[in-house]
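Observations on chain architecture
In case you want the letters, here they are:
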Amino acid sequence: TFVLSGEARASASDTTTSSSSEGSADDEEEDEEIEIEEEFCDLEFHFLELLAGESNTISVYDDVSGVVDLLLTTNKNLENVIFTVSCGSEGSSGVYKTFSLSGVNIDNEDISSLSLAYAVEKDWIDAWDSASFAIIDENGLEYEAIYFDEDSDYYYYESYLESLGLMSFEAVTGIFVE
């Protein structure tokens, strides 16, 4: 792998305390706590060079988007590639989360294979009866989500994708029972 840097700008929460004292000297100083929450959901991975036919693992492990790893193989040599994983939103009506995969100096035609490992909270999966799951791209193409592992909080799935773009992890069959 030729990963030079992976800049994870995940959720951040800052708490700031400010003091104000107005009026006469007899007024008590008031401390006001202001909470500022910012979400940064773009994870960038820089490659000096991607060689045709060589597998490149991008270890993402981002709990905001759900993306754990990407395995990418190109069909031609590429230089100065920036690969970005962006979180979207939590879904509804059978959609767990949305996310986006994009790149600079790489196009869909340059990719010979792309697989994605994805983490889904057990509570969300367990709320579905007899469900099957898929990654669905912005064009409506379904890529089967294949279970491969679990830990105490998450089930892990793998999908083989054909393109970059906006994606969502969804229940494609089954009944929501929660």
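Our structure's up above, just so we're on the same page.
Residues numbered from 1 in each chain as written. Predicted model: local features only at pLDDT ≥ 70, side-chain atom pairs only at ≥ 80, totals over all residues. Heavy atoms only, no water.

On to the sheet that holds strand 12 (residues 146-150), then. The strand order across the open sheet formed by 5 strands is 5-6-9-13-12, and the pairing between neighbours is antiparallel. Sheet topology places strand 5 (55-59) and strand 12 at the edges, where each strand pairs with a single neighbour. Each strand axis lies, on average, 20° off the axis of its neighbour in the sheet, ignoring direction. (Pairing = 2+ DSSP bridges. Helix = DSSP H or I, 4+ residues; strand = E, 2+ residues; numbered from the N terminus. Axes fitted to C-alpha atoms, helices over the stretch in contact; angles between N-to-C directions.)

This model, assessed by the stated rule, comprises 2 salt bridges. Here Lys76 makes a salt bridge to Asp110, at a shortest N to O gap of 3.4 Å. Pair noted here: Lys76 is in the loop between strand 6 (67-74) and strand 7 (78-90) and Asp110 is in the loop between strand 8 (95-104) and strand 9 (111-121), with a separation of 34 residues, a long-range link. Since its relative accessible area comes to 43%, Lys76 is described here as partly exposed. The exposure class assigned to Asp110 is buried, which follows from its relative accessible area of 7%. Lys122 is the salt-bridge partner of Glu150, the closest N and O atoms lying 2.8 Å from each other. Here the residue Glu150 occupies a position in strand 12, and Lys122 occupies one in helix 1 (residues 122-126), the gap between them amounting to 28 residues. (Salt bridge = Lys/Arg side-chain N within 4 Å of Asp/Glu carboxyl O. Buried < 20%, exposed > 50% of the residue type's maximum accessible area, 1.4 Å probe, protein only.)

On their own, these measurements won't tell you what the molecule is for.
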